[in-house]
Amino acid sequence: MKKGETKELTLSGKVLLLLLCIVLNLTGRLLADRLQLPLWLDTVGISMAVCLVGAGGALLVSIFSGFLLLLGNASCEVYFLIGILLPVFQKIYMRIAMPNKLFKVLKLGFLS
């Protein structure tokens, strides 16, 4: 593989990555709740999924994360709305404002 080329993820790799993003969202939500942080750390997994899998995968991450939070009796009505809109806006932002791929996940995770 030449410098600058990327390798396409297999289906099993994408599924594992989406599961990791769901765990990252849930961990971020629990951490923010326990430490009473004024941050939405549960969007970092969505941002990671947008960058590495695409907006469709990020939408799946947000739906499953929200469903699991709902099962845990967490108030997440706003999370569903933001989780649906966030992948679309992040994909647009990635194409317009950040054409280079340096630190995309980190930037999108903190800007969202």
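On a predicted model such as this, the values are computed, not experimentally measured, just so you know.

Remarks on the nonpolar core
Inference 1: Among the nonpolar cores identified, the biggest contains 15 residues, and C21, I46, A49, V50, A58 and V61 are the most heavily contacted of them.
Inference 2: Those elements that provide at least two residues to this core are helix 1 (11-35), helix 2 (44-52), helix 3 (55-71) and helix 4 (77-96).
Inference 3: Considering every element that reaches this core, the biggest residue donor is helix 1, with 5 residues.
Inference 4: Leave out the neighbours within four places in its chain, and A58 touches I46, A49, V50 and P87.

Structural notes on the pattern of salt bridges
Inference 1: All told, the structure shown has 1 salt bridge when counted by the stated rule.
Inference 2: Of the charged contacts in the structure, one is a salt bridge between R29 and D33, with a shortest N-O distance of 3.4 Å. One end of the pair is R29 and the other is D33, both in helix 1 and 4 residues apart, which spans about a single turn.
Inference 3: With relative accessibility at 13%, the residue R29 sits in the buried group.
Inference 4: D33 gets classed as partly exposed once you look at its relative accessible area, which sits at 46%.

Looking at unusual backbone geometry
Inference 1: Within the chain, Q36 stands out as a residue other than glycine whose phi angle is a positive 55°.
Inference 2: Inspection of the secondary structure puts Q36 in the loop between helix 1 and helix 2.
Inference 3: Its relative accessible area of 71% is what places Q36 among the exposed residues.

With respect to the environment of F80
Inference 1: Its location among the elements puts F80 in helix 4.
Inference 2: Taking C-alpha positions, F80 is 8.7 Å from F67, a pair spaced 13 residues apart along the chain.
Inference 3: In contact with F80, other than residues within four places in its own chain, are I63, G66 and F67.

Regarding helix 1
Inference 1: The end-to-end C-alpha distance of helix 1 is 36 Å, a good match for the 36 Å that 25 residues give at a rise of 1.5 Å each.
Inference 2: Looking at helix 1, one finds that the buried residues are L17, L18, C21, I22, N25, L26, G28, R29 and A32.

Thoughts on helix 4
Inference 1: Under the 1.5 Å per step criterion, the end-to-end length of helix 4 is 29 Å for 20 residues, consistent within 8% with the ideal 28 Å.
Inference 2: Taking the largest bend as the criterion, helix 4 deviates by roughly 30°, centred on L86, and proline P87 comes between one and four positions later.
Inference 3: What helix 4 keeps buried is the set Y79, G83, L86, P87, Q90 and M94.

Comments concerning the confidence of the model for the protein chain
Inference 1: Across the protein chain, pLDDT averages 78, with 76% of residues at or above 70.
Inference 2: Confidence, read as mean pLDDT per element, is least for helix 5 (residues 104-111) in the protein chain (60) and greatest for helix 1 (89).

Rules and cut-offs
Residues numbered from 1 in each chain as written. Predicted model: local features only at pLDDT ≥ 70, side-chain atom pairs only at ≥ 80, totals over all residues. Heavy atoms only, no water. Core = buried A, V, L, I, M, F, W, Y, C linked by side-chain atoms within 4.5 Å. Buried < 20%, exposed > 50% of the residue type's maximum accessible area, 1.4 Å probe, protein only. Helix = DSSP H or I, 4+ residues; strand = E, 2+ residues; numbered from the N terminus. Contact = heavy atoms within 4.5 Å. Salt bridge = Lys/Arg side-chain N within 4 Å of Asp/Glu carboxyl O. Expected span 1.5 Å × (residues − 1). Bend = angle between axes of the 7 residues up to and from the residue. pLDDT = per-residue confidence, 0-100.

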